[in-house]
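# Architecture and fold: a report
Here is what each chain is made of, one letter per residue.
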Amino acid sequence: MRHLLDFQGWTRGQVENILDTARVMAEVLERPVKKVPALQGFTVATVFFEPSTRTRISFELAARRMSADVVSFATQASSLQKGESYKDTLLTLEAMGIDAYIIRADSAGVPHQAARWVKGVVVNGGDGRRAHPTQALLDTYTLLEALGTLEGRKIAIVGDILHSRVARSNVELLPLLGAEVWVAGPPTLLPQSLPGARLTPHLDEALAEADAVMVLRLQKERMEAGLIHLQDYIAHYQVTEERLSKAKPHALLLHPGPMNRDIELEGTLADSERSLVNRQVHNGVAVRMAVLYHLLVGREG
Amino acid sequence: MLLIKNVTLVDALGERGPADVLIGEGRILSLSGGEAERILDGKGLLLAPGFLDLHAHLREPGQEVKEDLASGLLAAVRGGYADVVSMPNTTPPVDTPEAVRALRKKAQALGLARLHPAAALTQGQEGKALTEAGLLKEAGAPLLTDDGRTNEDAGILAAGLLQASAFGLPVAVHAEDASLRRGGVMNDGPLADFLGLPGNPREAEAARIARDLEVLRYAVRRSPKRPHLHIQHLSTKRGLELVREAKRAGLPVTAEATPHHLTLTEEALRSFDPLFKVAPPLRTQEDIEALLEGLLEGTLDAIATDHAPHTQAEKEMDLLRAPFGIPSLEVAFPLLYTELHLKRGFPLKRLVELFTDGPRNILGLKPIHLEEGAEASLVLLDPKERPVEPRNFASKARFSPWAGWVLGGWPVLTLVEGRVVYQALE
């Protein structure tokens, strides 16, 4: 694969290769000196047209741990409308000799557009509602770490599915590894369909016998748009210890962060033994190292 | 005097010939030859009446960076158009008789296609207060429309239909319910869900057409003269069914379809290329099939381009921010000649009618048939195939969703009242 835009066209083997490399990278990160020369001489640019400190830091750490040079470009899409275009920004960076671009934008498709304009490698750092492939890879990595296999495992994704790139990427990726994916949310926040997932407006149906539950962040703008009433959401979709009794006994809990405690999930759950939230963040660096490594030097035939 | 020898004639009456068409004094003088200073060999070519586009955004005044009268009307004659209706959503909007006159005067001086500047239905296209229908008609406006925006206020639309009816002016509507389409940038449905793009549902068009037809019913009941509602760029199967039903019930409604809604589907958005971002959005094959049926049976009266030029930089923004619109004046006929007539057997006679008498009827203009004495606004078409090359467009929008498509039926000579306004003959 030349770029990581989404998982269209990816095979299980390619995904497993990346996850295998991520395990090697995770070992590197356990060493006292957490650095390898794998990407020495390469330059990675994080190009964020939408602000996101966590994702940017995770990518930058990943690149630096492999000795790449890192530059960051951050701006608001709104200021782009008046000034320089996405294309001009990227071509400017290209002229400086960038090898890989990590692109984040609030509109679906910007990394796809970028891949047509630049010669370097494009990694989707999250584009609108479309995709967040490294998040799905780190979720998968974390689930495999805890469950051993995803074959036949039931994973429930809960919340604002319609607007979620995390949901879309996980729905693309998890079934590739044999998981059964359910998505649940209020009808105003559900798509009409998502290939690879079962949809339901009933949380209990998604949670029943689930091996893991991925809770999504509920954004304030959904309430402001009048799409959902907060109290109604909390009453019917908040993931609680009680509701989790429908799931498998030690069902795991994931959240891509940042969390709204006591809105989409019962506040104390995030700190319980079920919670993999900190593992997700931790594994993010190793997974992103693996992605950069594969795209820049470890190209498969 | 110009003589086109051995040319096949095609108009709304059908295909005939070959004939030797003698043109002079702005008219067709003879179909059986005669003396002429210039003689063209029309063997293998088609001669048709000059086309009329009911719906082009020529962007003047105020948005000349996208298009202006000179580039837009040159694009028009290169596309075989003798007449063009320009949309009034300019900066400022064309909403006064003076603005209509100024555009006509400037266009006349260019000597390309004839310009018919549509005027706004409401002042500033704000949907609040009506413009001067009578004075606008006298200044040369062919129809009234707030296109570029939607008519959210049904009461103002009703008043506009009533007022325009006294002067025989059609009222053209961009029929989409703005509150239902919200921020939709492509057709709503499984593909939009999959791509993570906000969807604009087919029901937004159907709901608005249904409402507007009821508004028309009201205007018909209230007006001593026949109001005329024209539905622009109809894009859905359901919208078509509503117009069909209304026509059967005798309501004075007409409708147009665009080249892009007839040849492209939402699948194009898989590329995430804003080139394909247009309102109403590209739909599905099922909708295309319904539109083709509508064109054949007459539910759709005309093909109109909705030529909507933007700058390259604007169309290279992201899908949420790039402006809506596809430029098509220079490819509309070859595109449909190839994709509908050659590939799908759509009757040529009807296709030509949809570019000529169909739109002319909507404006109350006399039909042009290729007979002795007919107005010599004509287009000569070459069936020879060549690819679409946007970099050679006269339009300032030198990009196209059909770039590289190999098409036949290209205009090689366009005449307006006997005057050569475009030629690309060897």
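The coordinates are above.
Going along each chain's sequence as written, the residues are numbered from 1 onward. Chain A is the first chain written and ligand 1 is the first ligand written, with later ones labelled in order. Per-residue local features of the predicted model are confined to residues with pLDDT of at least 70, and side-chain atom pairs are confined, for both listing and counting, to 80 or more; whole-chain, interface and lining totals are unaffected and use all residues. Remark: hydrogens and water are excluded; side-chain values derive from all non-hydrogen atoms of the structure.

## Describing the overall build of chain A
To keep it simple, the criterion reads: Starting at the N terminus, helices and strands are each numbered in turn, a helix being any DSSP run of H or I of at least four residues and a strand any DSSP run of E of at least two. Atoms counted for the radius of gyration: C-alpha only. Globule rule: 2.2 Å times the number of residues to the power 0.38. Residue burial is assigned from relative accessible area. The probe radius is 1.4 Å, only protein chains are included, and a residue is buried under 20% of its type maximum, exposed over 50%, and partly exposed in between. Charge assignment: positive for Lys and Arg, negative for Asp and Glu; neither His nor the chain ends contribute. Where a charge lies is defined by one atom per residue type, namely NZ (Lys), CZ (Arg), CG (Asp) and CD (Glu).
Helix and strand content of chain A: 11 helices and nine strands. For 301 residues, the compact-globule estimate of 2.2 N^0.38 gives 19 Å, and the C-alpha radius of gyration of chain A, at 19 Å, lies within 12% of that figure. Considering only C-alpha atoms, chain A reaches an extent of 55 × 45 × 35 Å along its principal axes. When the 301 residues of chain A are sorted by exposure, 58% land in the buried category. Both charge centroids of chain A, one from 33 positive and one from 35 negative side chains, sit 4 Å from each other.

## Looking at the overall build of chain B
Keep this limit in mind: Here, residues are in contact when the closest pair of their heavy atoms is within 4.5 Å. Per-residue and other accessible areas were derived by the Shrake-Rupley procedure at a 1.4 Å probe size, with only the shown protein chains allowed to occlude residues.
Helix and strand counts for chain B come out as 13 helices and 20 strands. In terms of overall dimensions, chain B has a C-alpha envelope of 60 × 50 × 40 Å along the principal axes. Out of the 426 residues belonging to chain B, those deemed buried represent 64%. Within chain B, contacts between residues at least 6 apart in sequence are counted, and of these 75% link residues at least 24 apart. As displayed, chain B offers around 15100 Å² of accessible surface, 50% of which is attributable to carbon and sulfur atoms.

## A word on the pattern of salt bridges
Condition: When a carboxyl oxygen of Asp or Glu lies within 4 Å of a side-chain nitrogen of Lys or Arg, that pair is called a salt bridge.
One pass over the full model with this rule turns up 45 salt bridges over all chains. Of the charged contacts, one joins A:R153 and A:D211 as a salt bridge, the two residues approaching to 3.6 Å between their closest N and O atoms. Remark: A:D211 occurs in the loop between helix 8 (203-207) and strand 8 (212-215) and A:R153 occurs in the loop between helix 6 (133-147) and strand 5 (154-158); sequence separation between them is 58 residues. A:R153 gets classed as partly exposed once you look at its relative accessible area, which sits at 23%. Ionic contacts of the salt-bridge type, sharing partners, join the residues B:D83, B:R114, B:R360, B:E375 and B:E417 into one network.

## Some details on the sheet that holds strand 6 (residues 51-56) of chain B
Residue and element names in this part refer to chain B. Put simply, the test is: By definition, two strands form a pair when at least two bridges between them are found by DSSP. Every axis in this analysis is a line fitted to C-alpha atoms, fitted for helices over the stretch in contact. Angles between the N-to-C directions lie between 0 and 180 degrees.
One open sheet holds the three strands; their spatial order is 6-7-8, and the pairing between them is parallel. Of all the strands in the sheet, the pair left with one neighbour each is strand 6 and strand 8 (114-117). Ignoring strand direction, the axes of neighbouring strands in this sheet form an average angle of 20 degrees. Against the sheet, helix 1 (residues 69-78) contacts strand 7 (81-86) and strand 8, and its axis sits at roughly 135 degrees relative to strand 7.

## A few points about the interface of chain B and chain A
Applicable threshold: By convention, the term buried area covers the 1.4 Å-probe accessible surface removed from two parts as they join, with the contributions of both added. Polar contacts here mean pairs of N or O atoms no more than 3.5 Å apart (in protein, one a potential hydrogen donor and the other a potential acceptor; neighbouring residues in sequence count only if both atoms are side-chain atoms). Gly is placed with the polar residues, together with every amino acid not listed as nonpolar (Ala, Val, Leu, Ile, Met, Phe, Trp, Tyr, Cys and Pro) or charged (Asp, Glu, Lys and Arg).
Taken together, the contact between chain B and chain A spans 19 residues of the former and 25 residues of the latter. Carbon and sulfur atoms make up 50% of the surface buried where chain B meets chain A, a total of about 1900 Å² over both sides. Among the residues chain B hides against chain A, the three largest losses belong to B:D193, B:F194 and B:F272. Together they make up 33% of the total. Linking chain B with chain A are two salt bridges, by the criterion used here. Close ionic contact of B:R321 with A:D106 constitutes a salt bridge, the shortest N to O distance being 2.5 Å. Viewed at the interface, chain A and chain B are joined by 11 residue pairs in polar contact (both at pLDDT 80 or more). Its residues assigned to classes, the side of chain B that touches chain A shows 10 nonpolar, three polar and six charged.

## Side note on the nonpolar core
Heads up, the rule is: Only buried Ala, Val, Leu, Ile, Met, Phe, Trp, Tyr and Cys residues count toward a nonpolar core, and they belong to the same one when joined by side-chain atoms within 4.5 Å.
B:I231 and B:L295 are the most contacted members of the largest nonpolar core, which totals 106 residues. In contact with B:I231, not counting residues within four places along its chain, are B:V173, B:A175, B:I209, B:V243, B:V253, B:T254, B:A255 and B:E256.

## Digging into the environment of A:V287
All names here are of chain A. Here V287 is to be found in helix 11 (residues 277-296). Of the residues examined, V287 reaches a relative accessible area of 0% and is grouped as buried. Sequence separation of V287 and L138 is 149 residues, and the distance between their C-alpha atoms is 5.9 Å. Contacts of V287, omitting those with residues within four sequence positions, involve A22, T134, L137, L138 and Y141.

## What to know about the packing of helix 6 of chain A against helix 11 of chain A
Residues and elements named next belong to chain A. How we decide: Note on convention: the crossing is left-handed when the near helix lies turned anticlockwise from the far helix by less than a right angle, right-handed when the turn is clockwise.
It is the contact of helix 6 with helix 11, at a shortest axis distance of 8 Å, that shows an interaxial angle of 115 degrees. Considering only the axes of helix 6 and helix 11, their crossing is right-handed. Contacts from T134, Q135, L137, L138, D139, Y141, T142 and E145 in helix 6 reach R279, Q280, N283, G284, V287, R288 and V291 in helix 11. Its residues placed into classes, the contact of helix 6 with helix 11 shows five nonpolar, six polar and four charged.

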